[in-house]
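This is what each chain is made of:
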Amino acid sequence: MLVIPLLLLASCGHDDVTPVAGSAPPAPTTSSASLAPPASVPPSTSRSASPPAPTPTAPSVTPARNCSSPEFTTSDADGGWSDGGYYVHNNMWNAGEAGPETLRACAYDNWYVDSVQPDSTSVKTYPNVHKDINDQNGKPFNDFKVIKSTFAGRGPDVGIYDVAYDLWLNGVGNGNGVSELMVWTENRKQVPAGDKLTTYTAGGFTYDVWAEDEGYVAFVSRTTQYSGTVDLKAMIAWAIGKGLIPANPTVNQIGYGIEFCSTGGGKARFTLTDFSVTMS
């Protein structure tokens, strides 16, 4: 199912957002692996102001895996691959400003991306893996007792980026009543949209919670997490209780990847070595 939303150009270095009309990109460059029609994932609305203070790193260890013989390779702006009930997506949604980016995948939970982004302030890409719920039509939040996810991903420690979950509720993309909830597990010189409201603590980690009026909420971990498990149901429920998200929204899509703003003009690599979503 192809979704062509109105895109928001999120900025890493200033606080203005410019809407542009979305358009369907050309067919992806593929390997010998079979493809499913790509589900375009809209950008997040994160943007930066001034660089935040460095965050400490949790004592988590990224599992030792490598992807030496990729099943799928693409440099296409909207290239993607279906595998194991998930979709791995290059998602260069701001292709007009983005530099080249190549994604190579051995599996939905074992892939990497090499990206070369100019030293400028707009979000360029969000390569990610995501799970669509009911073909993006979603299911009511209250139908689930459990919504959890495991992850392991690591950014290049250069440029400007955040490594984050991106959840879409009450729809996918920009639209009336649609909410976006992000969980940032690694952050380098990024600041989310909106205002910092309060903090949230779970699993031994403290998150600064940012929000804006247009249905955007971001949990930004004060400690860098390279791997772990996140109780997404608890986070959504907390945001509902605070009035940041409407009661009993549909859960439409859950993704994890990296928002690249800049790599300083050189090549930078993001590596993902674990991802799963459990919903029951």
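Note that the structure is a prediction, hence the values are computed from the model and not measured.

S.K.: Provide a residue-level description of the state of the cysteines, including the pertinent values.
M.R.: Here the structure, examined in full by the defined rule, presents one disulfide. Between Cys-67 and Cys-106 runs a disulfide, and the two sulfur atoms are separated by 2.0 Å. For the disulfide bridge between Cys-67 and Cys-106, the dihedral angle about the S-S bond is near 100 degrees, and by the sign convention the bridge is right-handed. Residue Cys-67 is located in the loop between β2 (18-20) and β3 (72-74), and its partner Cys-106 is located in strand β6 (residues 101-107); the two are separated by 39 residues in the primary sequence.

S.K.: Describe the pattern of salt bridges, and please don't skip the residues or the numbers.
M.R.: Counting across every chain of the model gives four salt bridges. For Arg-269, the salt bridge identified is with Asp-114, shortest N-O distance 2.7 Å. Within this pair, whereas Arg-269 is found in strand β18 (residues 267-279), its partner Asp-114 is found in strand β7 (residues 110-116), the two being separated by 155 residues in sequence. The class for Asp-114 is buried, based on a relative accessible area of 10%.

S.K.: How would you sum up unusual backbone geometry? Please name residues and give values.
M.R.: Of note, Asn-134 is a non-glycine position whose phi angle comes to about 55 degrees, a positive value. Mapped onto the elements, Asn-134 comes out in the loop between β8 (128-132) and β9 (139-140). The residue Asp-157 is not glycine, and still its phi comes out positive at about 65 degrees. One can find Asp-157 in the loop between β10 (147-154) and β11 (160-169). On the basis of relative accessible area, Asp-157 is assigned to the exposed category, the value being 53%.

The rules behind these values
- Residues numbered from 1 in each chain as written.
- Predicted model: local features only at pLDDT ≥ 70, side-chain atom pairs only at ≥ 80, totals over all residues.
- Heavy atoms only, no water.
- Disulfide = S-S within 2.5 Å.
- Helix = DSSP H or I, 4+ residues; strand = E, 2+ residues; numbered from the N terminus.
- Salt bridge = Lys/Arg side-chain N within 4 Å of Asp/Glu carboxyl O.
- Buried < 20%, exposed > 50% of the residue type's maximum accessible area, 1.4 Å probe, protein only.

These values are about where atoms sit, not about what they do.
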